Amino acid sequence: MNITKDRKANIKIYIIPFIIVSLITAIILMAMSNSIKNHFYDLKKEEGLKIARSISTNLSHTGEAADTISQLLEDKLENSLKTAQIYSCNYSDEILIELADTFNIDEVYIYNSQGIIEYSNSGKYVGWKPHENHPVYYFMNSDDEIRIEDIRKDSESELFYKYGYIKNQDGTMVQIGILAEKVNQLFESIRVQNLLDEMVIDDAIIQLGALDSSYIITASTADEFIGYQLKDEEIISDINSGKIHDRINSSSGEDLYEIFVPLDYESNEIVAFGIQYSLSGILPLIKMNILNTIIGLIIVYITLIFSIVSTYKRNKKLVYLAYYDSLTGLPNTESLIQRFNENKGKNNGAIFMVKCANISLINQAFGYEYGNKVLKELGNRIKTIQNKNIILFRFTSDKLVLYLQDFKEKEELLRTLEEIKDILQQPFRVNDSNQYIIVKIGIIEFNGASKKSLDQLLKEATIALNYVDTSTNYSYSFYDQNMESNIQREEIIERELRTAISNEDISKIYLAYQPIIDTKTNKIDGFEALARMNSDQIGPVSPAEFIKIAERKQLIIPFTNFILKVACKFIADLTRMGYNDLRVAVNISTIHVLQENFVNTVLNIMEEAGISGQNLELELTETIMLENFQITNQRLKELRASGIQISLDDFGTGYSSFDRLSELNVDTLKIDQHFINNITELNKASLITKDIISIAHKLGLKTVAEGVEFHAQKDYLEEYSCDKLQGYLFSKAVSKEEAILLLDKYNKN
């Protein structure tokens, strides 16, 4: 990548004598090695010619025998077919059985004039008719009266047969088959492959091979050569001229002596054969001579090489420490500065600020050594998309910078982002365990005429990083000038969030409780705990804003734990007041559920508050279920085993699947307010809300309708047996004290 120029030691005084001595030594060694090789080649050539002539003679005899047997088999099939033709007026299964026994054949079929099997010696396939691409179909529609096929796989039985066919004058047809196993038994003793295998008695022989008329190796003592086609025109010319050709072949990485011999007889299948000798037998001799020469030079070289190597290593280490990150092996910030300055003002560029958003939590949970391995694996994966215009750098402890030196259109940036997403799909395997990481990317684009410094661009990329959506494991954001104006507000909210979570301060972050009404009893069945924020500096902040900031700043897990603790304390208070059957629902984020310690965290918080699982309900959106189904479903199963109920929030707003829903470990569906808002006196018949309730009940799930504001909606939902209602018709979300007063109002009887 030429990030920097290597510093080099002053070793000129060693270079010239080192080169001269090395050249002289190399010349001597090459001369000695060639002399030994040439002598060895002569010996092997003489031995190879003797073996070649012996194999050629054997192959000529086996070829003649194989041709004779093949012709006899075809004659047998033809005679059997003609004999079967004699019975064309009296076909029956019994006659076919007798015919098969007489001629020692395996399959006999009679096809009627419509091309359907009418009789069979085995009783199989009667009524079968060949399809248009079948060999039998081709024969039926050809002008041939008789045909003998090569061995092929039968389309119905998957066995190999040699088949013959003949047509009768009345339009019927006879098919006779002999199992290929019987044919192969006839050839087994004279197969070319066997002859070649028997000839290999010398360990120096790498392979013997037979070549057909297309110069393809059809048989060989080494399976990997079968099917290889010889394309050397000089060898082919010699074979066609009846000449023996020999050569040294080094294409496999090892020197081999090869000899090609044309056959001394005419054959349709084999025209020549080749023999390969390994030349490894001469290596010990060559090595001995080389060793004797080298021993005399070792003492001279040791001091010189030690000086050169130590200087080089010291120089290389200094360069590495200056320009590369020791953990990931990636170029560091100094390298980024140098590369940026080299390209400044030339082309359009972009900087991707890549952050492992949950590395801090990983370090806390598993230790820094584990976290370092995760970061290293992250770098290795993203590095796979590098090219001449894309280079990856280590920036800070949890950030990497992907520098795009040149791009034409924004689509190139989007394609790069998709590549990063694809390579991060699989979990990270570290210390024999899977780790899911959260990657966020902030992008800043700049043109060749830009006067911005690298420091300014990195700052803007970092700002864009702060606006990345934290609801998924992978997301990105492009820098916008409007972002900077919102930073101060976000910093205030983030600071107060951190303070409230750290101090468990319920004056800034608190819960409001909205009652959930049981339609059968008209009493409060439970509450949904809703987070609220009241900033000292900017006043009330909407949940949509501060929750997104918590997600973006990696506060969502401690935030959720804090909310869960407050809700569990409220449950404990209700229990002490005698409300033992009430349940409080708490919303859980996607990221929280995906944490390996999620279940233990929930159970520990319950234990600290001294409450039972039957009083707690966790609400999850259907998006969590669909994107991480297996992991989420298993963890919900563990929670339900402790008595905790699970509800699926905002049901119907995503790509809901009732089929998948039946597999989920959930207890309740919360029907999204969108469906409730559509309920009026005039359109009850056309609404699907009743169908959602009905299907949920069939799946054994309870239903809660959110956002109930009017009596018409309440009446409709009660008419179709919705289990629970929630909304402003009953009460907005209220404080803990007001929630207790509502209990006195609804549940005092």
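Residues numbered from 1 in each chain as written. Predicted model: local features only at pLDDT ≥ 70, side-chain atom pairs only at ≥ 80, totals over all residues. Heavy atoms only, no water.

Turning our eyes to something else, we now look at helix α12 (residues 454-466). For the α-helix, the turn length of 3.6 residues means that residues three or four positions removed from each other point alike. Its 13 residues give α12 an end-to-end C-alpha distance of 19 Å, which sits within 8% of 18 Å, the value for a rise of 1.5 Å per residue. Listed as buried for α12 are L454, L457, L458, E460, A461, I463, A464 and L465. (Helix = DSSP H or I, 4+ residues; strand = E, 2+ residues; numbered from the N terminus. Expected span 1.5 Å × (residues − 1). Buried < 20%, exposed > 50% of the residue type's maximum accessible area, 1.4 Å probe, protein only.)

This next bit is on the pattern of salt bridges. Considering all chains together, one arrives at 30 salt bridges under this definition. When the shortest N-O distance is used, the salt bridge between E149 and R152 registers 2.7 Å. Pair check on accessibility: E149 and R152 agree, each one buried. Note that K508 and D505 form a salt bridge whose closest N and O atoms lie 3.5 Å from each other. Look at the salt bridges and you will find they share partners, linking E528, E619, K670 and E706 into a network. (Salt bridge = Lys/Arg side-chain N within 4 Å of Asp/Glu carboxyl O.)

Although it is not a glycine, Y125 adopts a positive phi angle of roughly 65 degrees. The residue Y125 is located in the loop between β2 (117-120) and α3 (135-140) in this model. Overall, Y125 belongs to the partly exposed group, its relative accessible area being 26%. Residue Q554 is not a glycine yet carries a positive backbone phi of 60 degrees. Relative to the helices and strands, Q554 is located in the loop between α14 (543-552) and α15 (556-576). The exposure class assigned to Q554 is partly exposed, which follows from its relative accessible area of 22%.

In this structure, the largest pocket spans a volume of roughly 1,100 Å³. Considering the residues around the largest pocket, the lining is formed by 42 residues, among which E528, I547, N587, D649 and D650 are closest to the centre. (1 Å grid on protein atoms, 1.4 Å probe; cavity = no way out; pocket = protein on both sides within 12 Å on 5 of 7 lines; lining within 4 Å. Points joined across faces, edges and corners; volume = space filled by probe spheres on them.)

Here we come to the environment of Q175. Checked against the element boundaries, Q175 lands in strand β6 (residues 173-179). Placed 27 residues apart in sequence, Q175 and I148 show a C-alpha to C-alpha distance of 9.9 Å. If we skip the residues at most four places from it in the chain, Q175 touches E107, V108, Y109, Y111, V136, R152, Y163, G164 and Y165. At 2.6 Å, the side chain of Q175 forms a polar contact with the side chain of Y111. (Contact = heavy atoms within 4.5 Å. Polar contact = N/O pair within 3.5 Å; in protein donor to acceptor, adjacent residues only side chain to side chain.)

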